[in-house]
Amino acid sequence: DVIVIGGGHAVSEATHAVARAGGQVALVTKKRDQIGVMSCNPAIGGLGKGHLVREIDALGGLMGVAADLSGIQFRLLNRSKGPAVQGPRTQSDRSLYKKAVQDILFLEKNITIIESEVVDIFIEKGSVRGVELEDGTRLGTSSAILTTGTFLNGVIRTGEEKIQAGRAGDFASVKLAEKIRGIGLNTARLKTGTPARLSSKTINWSIVETQKPDDKPTLFSFLHKNPFQRQISCGITYTNNNTHEIIRENIEKSAIFNGSITSNGPRYCPSIEDKVVRFSGRDGHQVFLEPEGLNDDTVYPNGISTSLPKDIQEKYIKSIKGLENVKIKNFGYAVEYDFVNPKGLKSSLEVKTTNGLFLAGQVNGTTGYEEAAAQGLIAGINAYRYAVQEEPFLLDRSEAYIGVMIDDLVTKGVIEPYRMFTSRAEFRLSLRCDNADIRLTEKGHKIKVVSDNRMRLVSKKIKSIDELTTS
């Protein structure tokens, strides 16, 4: 019924949604063992993003379940403020998250996973007819979802080094990028970045601040009450004037500042070079030291993504308190990639000019796991409904953060990577994390992507609330 192309969070939700609805779905990905991988930071949720995950869960999606199964530090952000702007977040064990996603997808009988690369999409008279794989195999379908992330013409840059890739160790999708331009989709370039990865054993944890998990964890899935994994603390340290001076002295070696990269990056998640230049009056910037797993020596230093050369990265990282003798396991880099102007999409995420072709995730100009997963969910539902000739499933801005995001994308387009915030939702007082199931689960049950068991739980919750508020 549907072919889904990719391997990240959008493809996982899209594939799962088609299967839940009763459709036969083929997931075509370059590396089967990389399905569900967390390409950047090992965390799910946050302000605005946590709302998206709760809504995905309310509609029967898998991100909230996988986040709970792998969560090693749950925290409710904005706890001191009103419930409308509070956002659940968890630090995840990277390997456990991937395992949770794969366990769900690999056991689903309606899903066929094909390890290959799609090099062409067949379109006849404005409608999808199938795809071609790198070995020449042709797969027929009337409905396809493209979720290519940062892989369309992806280029990784570290200082002067330049590699054609969508992620370290993974090749870019060049032929597919050419095909997208060939069918008249309006493409442009965006960039994002990631920091170096550090060895936990070489960090002086005794002199950095400690960030503890919440005593009473707030989970993502409405099916769960308690964490599944041991809860841990993270560390907090700060850059300093010496750090900033090292960066300033070498700013022309950064691919972001020497003209190698001219596209826009995520304004709300800037590189350390951006921070030093834009906030020159600041003496220091927070660096969150986030362990990547319970049995993993790797630490993700959140807050210092970069495209500086490796020797400069090592120099400025070792100027930070607690990291003086740190061992760098992998260096940071920037990645520039093609995206499609989402104004060319319908609210169902179907391409306006090509029947049966749906786009989801970073290919639409968004940034973040949660934004990608939410789009994947909607694209999956609608791709299947298109295949069986049913009306698309649409969410209004007044009903869900997912509706806000998609409306923003298809009506306004993007000039920088789009990130969800509570401030984007004019109905945020009623679109809370705690009532996502009340708002959306019945809608999902009607279109058969939510199980009867979930519907019974929500009905019981609604009945209890009614009794308490009317007695």
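Anything mentioned here points back to the structure above.
Quick summary incoming for the structure in this document. (Residues numbered from 1 in each chain as written. Predicted model: local features only at pLDDT ≥ 70, side-chain atom pairs only at ≥ 80, totals over all residues. Heavy atoms only, no water.)

**Considerations on the pairing of strand β2 (residues 25–29)**
Right, on to step 1. Where burial is concerned, most of β2 is hidden: 5 out of the 5 residues are buried.
Right, on to step 2. The two faces of β2 match: V25, L27 and T29 on one face and A26 and V28 on the other face are all buried.
Right, on to step 3. Pairing geometry for strand β1 (residues 2–6) and β2, over 4 bridges, is parallel. Residue pairing in the sheet places V4 in a bridge with L27 of β2. (Buried < 20%, exposed > 50% of the residue type's maximum accessible area, 1.4 Å probe, protein only. Helix = DSSP H or I, 4+ residues; strand = E, 2+ residues; numbered from the N terminus. Pairing = 2+ DSSP bridges.)

**Concerning the nonpolar core**
Right, on to step 1. Counting 92 residues, the largest nonpolar core has I44, I145 and I402 as its most contacted members.
Right, on to step 2. The biggest single contributor to this core is helix α9 (residues 369–387), with 10 residues.
Right, on to step 3. When neighbours within four sequence positions are excluded, I44 is seen to be in contact with M38, V53, M63, A67, P88, R89, T90, S92, Y97, F220, Y369 and E370.
Right, on to step 4. V208, I247, I251 and I272 belong to the second-largest nonpolar core, a separate cluster that totals 21 residues. (Core = buried A, V, L, I, M, F, W, Y, C linked by side-chain atoms within 4.5 Å. Contact = heavy atoms within 4.5 Å.)

**What about the side chain of Q73?**
Right, on to step 1. Topologically, Q73 is positioned in strand β4 (residues 71–77).
Right, on to step 2. A polar contact is formed between the side chain of Q73 and the backbone oxygen of Q211, at a distance of 2.8 Å.
Right, on to step 3. Ignoring any residue separated from it by four or fewer positions in sequence, one finds Q73 in contact with R89, T90, Q91, Q211, K212, P213, Q231, I232, S233 and C234. (Polar contact = N/O pair within 3.5 Å; in protein donor to acceptor, adjacent residues only side chain to side chain.)

**With respect to the sheet that holds strand β19 (residues 298–302)**
Think of a sheet as strands paired side by side through backbone hydrogen bonds, with each pair either parallel or antiparallel.
Right, on to step 1. With antiparallel pairing, the 6 strands of this open sheet are ordered in space as β16-β17-β18-β19-β15-β20. The open sheet has two free edges, formed respectively by β16 (209–211) and β20 (328–330), since each of these has just one partner strand. In this sheet, adjacent strand axes meet at a mean angle of 35° when their direction is disregarded.
Right, on to step 2. Here strand β17 (residues 234–238) runs beside strand β18 (residues 286–291); their pairing, made up of 4 bridges, is antiparallel. Its bridge partner lying in β18, I236 is registered against F288. (Axes fitted to C-alpha atoms, helices over the stretch in contact; angles between N-to-C directions.)

**Re the packing of aromatic side chains**
When we look at a pair of aromatic rings, we describe it by the centre distance and by the angle of the planes.
Right, on to step 1. One pass over the structure, following the stated rule, counts 1 aromatic pair.
Right, on to step 2. Measuring from centroid to centroid gives 6.3 Å for F358 and Y386, while their planes differ by 70°, and the two rings are edge-to-face. Linking F358 in strand β22 (residues 357–359) with Y386 in helix α9, this pair joins segments that are 28 residues apart in sequence.
Right, on to step 3. The lysine or arginine in question, R32, covers the ring of F106, its NZ or CZ lying 4.1 Å from the ring centre.
Right, on to step 4. Over the ring of F222 we find R54; its NZ or CZ atom is 5.1 Å from the centre of that ring. (Phe/Tyr/Trp six-rings, centres within 6.5 Å; stacked < 30°, edge-to-face > 60°. Lys NZ or Arg CZ within 6 Å of the ring centre and 35° of its normal.)

**A look at helix α11 (residues 436–446)**
Right, on to step 1. A436, D437, R439, L440, T441 and G444 are the residues of α11 that are buried. In a view along the axis of α11, the buried residues occupy a sector of 165°, so they form one face of it.
Right, on to step 2. At the C-terminal side of α11, K448 shows a positive phi close to 70°. (Arc of directions from axis to C-beta.)

**Considerations on the environment of R439**
Right, on to step 1. With respect to the helices and strands, the residue R439 is situated in helix α11.
Right, on to step 2. Considering only alpha carbons, one finds R439 and E399, 40 residues apart in sequence, at a separation of 6.9 Å.
Right, on to step 3. What R439 contacts, discounting residues up to four positions off in sequence, is E55, E399, A400, S430, L431 and R432.
Right, on to step 4. Among the polar contacts made by the side chain of R439, one reaches the side chain of E55 at a distance of 3.0 Å.
Right, on to step 5. A polar atom in the side chain of R439 sits 2.9 Å from the backbone oxygen of R432.

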